[in-house]
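A structural walkthrough
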Amino acid sequence: MNIQFTRQPSLFRLLFVFAVFTFFNLTTVSGQLVPNGSSNAKIGSFVDSILVKMTLEEKLGQLNQYRWVWGENEEPIRQQYREYIKEGKIGSFLGIFGVESTRELQRIAVEESRLGIPLLLAFDVIHGFRTIFPVPLAESASWEPANAEKSARIAAIEAAASGLHWTFAPMVDITHDPRWGRIIEGAGEDPYLGSQMAAARVRGFQGQDLAASNTVLACAKHFVAYGAAEGGRDYNTADISERSLREIYLPPFQSVINSDVATVMASFNEIGGVPMHANGWLINDVMRREWGFNGLVISDFTGVMELLHHGIAADSTQAGINAISAGVDIDMVSNIYLTKLKQAIEKKELPIAIVDEAVRRVLKLKYRAGLFEDPYRYQDTNREKQLLLHSDHLKASREVARQSIVLLKNENQILPLNNNIQSIAVIGALATDGRSSLGSWHGAGRSEEAITVLQGIRDALPGCAIKFAEGYTTPQSQDKTRFAKAVEIAQQSEAVILVLGESGAMSGEASNRSTLDLPGVQQDLAQEIHKTGKPLVVVLMNGRPLSINWLDQNVPAILETWFLGSQMGHAVADVLVGHYNPGGKLPVTFPRSVGQIPIYYNHKNTGRPPDKDIVWTSKYIDIDWTPLYPFGYGLSYTTFAYKNLNLNKNQMVKTDTLDVSVEVHNTGKVDGDEVVQLYIQDEVGSVTRPVKQLRNFKRIHLRAGEMKRVSFKISAEDLQFYNIAMKNVVEPGFFKVYVGGNSVDLLEKRFELVATK
Ligand code: NOJ
């Protein structure tokens, strides 16, 4: 159904503006309305004063989001959108940026629509806008929330300078399945690390003041359990218990809601028969009522329409009713709220109060973004010119990138490269692949602006003869015709840097894999290069854990460099030549084989924990049950020793805190960073508890030979879990505390939580 809109005479608009102006004692800035005050009550009354003036069509328009189109042949669609804006049929856009383009749309909304309500303009700014930072999985490998905050801050500065108000980030989905392509967008497998990184990203995007012209509204996504898709197939069903939800998938959302995230996006999956776009229990009951979230929920792209495919709505009207009743306020591109809900309300199939509440949330968001005060505050051409790809941003990107690199292996300290090295063979097409360096979801980043690995090495070693051969055409190619040239330059050089992995497009949305092996003929290439006997360093570029057993067994040095963004090549070279000592740690377990999935460190013990000498235990007959590289693992050019783990007492009550400290010694010859990790195990509970759970961590810097005592506090909050009645409780009993540099090599102590009367 196509809804007809009547344009109101401009006199009406003037009267409305006058009424609001008088009522709220507004002042003007550049001729725009300036609401006076920001208390919740003030915002509420301001919003209500607009709501009473709105027609049903205009209300539904605020709940309708379209994607902007850029194609040469799409001018008719753009023209249609401009008309719709005038008619009040669009409240927000996604997929648009640039001061010029956004200003034009905002002008139409503010100056040509009846009520002059500004638009919200959104874009997927995931790990940088124009200056691209490491993909979120990589950034989490830095185990430094300050990095996530910094990169999100800079992303917000650039995005806001380019006319944007809203980003669909951070993605806070936890996953146990590296086949799932979107593992790259999150923090990995752990809810605690994930929660810390998620909250930091929200702080970075939103800053102190959402109305400032250098902040953007954040959107935590995808609510919820999107990372639990069966088989690692994007969009697939998640069938998980409420316990898994509450212990694994919900915590990062709760963490960002505590950090005042402005918006949340619903996920494509269903849980236990209820698609998330119709899941009133999780959205309205848990997130809004139980946790007190009072922001806005947006659908994912066509998520409302997909309720038809899920088979819980017979037609679009029903899909729209289901979604908005479940608490999904904005319909992203399904075009269902706009076209179907009017009839549903008229037929009394949907209470108008539900629509009004959703519209209030949209208007509040616009208010919080400062758009009623100055709808053009994000449209400043000079700022856009000055800030995009600013040298400070590039510097920060390089720093975060260096901190995100994980050294997986370094036999005989083959790295860093000897600084007298005269010749190097760089092999692998990924070494010159700017597009892949940026990773998936690279915003407005440009491939040609990315420093590739080859470029970075050349810049770092100007006096060294560097030869390059592709080795393979693309990571997935089966073509071996380039091997010969690669072997030839390897033979002519003192050492080889072999760049292997996945292309940037092999992870991200809808980019799932059924194997975690190196794609194409890359392992064959590695074997050929290995035969030359030259010192060999593998630089991995990839968006997920890979099962690289052959490399692990045969190649002396392996660097996990993920996709590091605009400054990738410089960051990798900094580490290769020893200008930077790598200190990243894996935020996700690397399996030996895809068949081990799900494999994650905080698993349950089972009734028959694996034992190599006992047949009837939980393991495989054809492969070890342990990971190739465990969660939290990563080496350094120096070595660290942990000593004297100390608890200040061995009993505590619920209201106490326990002080834990440990000595960390840099026992090697160079300065370096170490991520000190603290895990807890509840030995006996009324429901089973994981073998260990990360509860704190600190990335510290130690000079060669230096020792630091690192301290943590444990409080009842760290010991809580959901009991059989799904109540968050702390139960008396014994707990183990583990501290160390990864989830396996740990010092251990024990304490008791005693009941208070
Ligand atoms: C679909 C993705 O699932 C979501 O993460 C993204 O924000 C939207 N598309 C908009 O691009």
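Report follows, based on the coordinates. (Residues numbered from 1 in each chain as written. Predicted model: local features only at pLDDT ≥ 70, side-chain atom pairs only at ≥ 80, totals over all residues. Heavy atoms only, no water.)

A separate point is helix α2 (residues 40-51). Given a rise of 1.5 Å per residue, 12 residues ought to cover 16 Å, and the 16 Å separating the end C-alpha atoms of α2 matches this to within 8%. Within the sequence span of α2, burial applies to I43, G44, F46, V47, S49, I50 and L51. (Helix = DSSP H or I, 4+ residues; strand = E, 2+ residues; numbered from the N terminus. Expected span 1.5 Å × (residues − 1). Buried < 20%, exposed > 50% of the residue type's maximum accessible area, 1.4 Å probe, protein only.)

This paragraph deals with the packing of helix α17 (residues 391-404) against helix α23 (residues 568-576). Look at α17 against α23: their axes get within 8 Å of each other, and the N-to-C directions meet at 50 degrees. As judged from the angle between their axes, α17 and α23 are oblique. The way α17 lies across α23 gives a crossing that is right-handed. Of the residues in α23, those touching α17 at R398, A401 and R402 are H570, A571 and D574. The class makeup of the residues in the contact of α17 with α23 is 2 nonpolar, 1 polar and 3 charged. (Axes fitted to C-alpha atoms, helices over the stretch in contact; angles between N-to-C directions. Parallel < 35°, antiparallel > 145°, perpendicular 65-115°, else oblique. Left-handed = near helix turned anticlockwise from the far one by under 90°. Contact = heavy atoms within 4.5 Å. Nonpolar A, V, L, I, M, F, W, Y, C, P; charged D, E, K, R; others polar.)

The next point concerns the nonpolar core. Core analysis: the largest hydrophobic core is formed by 114 residues, its most contacted members being F93, W166, F223 and V224. Excluding its chain neighbours within four sequence positions, the residues that come into contact with F223 are L250, F253, V264, M265, A266, S267, M276, L282, I283, M287 and W291. Residues A141, L417, L430 and C464 belong to the second largest nonpolar core, which totals 78 residues. (Core = buried A, V, L, I, M, F, W, Y, C linked by side-chain atoms within 4.5 Å.)

A separate point is the site of the ligand. As a structural note, the neighbourhood of the ligand is formed by 13 residues, with D124, R182, K221, H222 and D300 the closest of them. Within the side chain of R182, one N or O atom sits 2.6 Å away from an oxygen atom of the ligand. D300 has a polar side-chain atom sitting 2.5 Å from an oxygen atom of the ligand. In the complex, 93% of the free accessible area of the ligand, which totals 290 Å², lies under the protein chains. When the residues that make up the shell around the ligand are grouped by side-chain class, the tally is 7 nonpolar, 1 polar and 5 charged. (Near = heavy atom within 4 Å. Polar contact = N/O pair within 3.5 Å; in protein donor to acceptor, adjacent residues only side chain to side chain. Areas by Shrake-Rupley, 256 points an atom, 1.4 Å probe, with all protein chains shown as cover.)

Let's shift gears to the packing of helix α7 (residues 145-161) against helix α8 (residues 191-206). Between α7 and α8, whose axes approach to 7 Å, the crossing angle comes to 30 degrees. Considered as vectors, α7 and α8 are oriented roughly parallel to each other. Crossing of α7 over α8 shows right-handed handedness. On the side of α7, the interface is formed by P145, A148, E149, A152, R153, A155 and A156, while α8 contributes Q196, M197, A200, R201, R203, G204 and F205. A class-by-class count of the residues in the contact of α7 with α8 yields 8 nonpolar, 2 polar and 4 charged.

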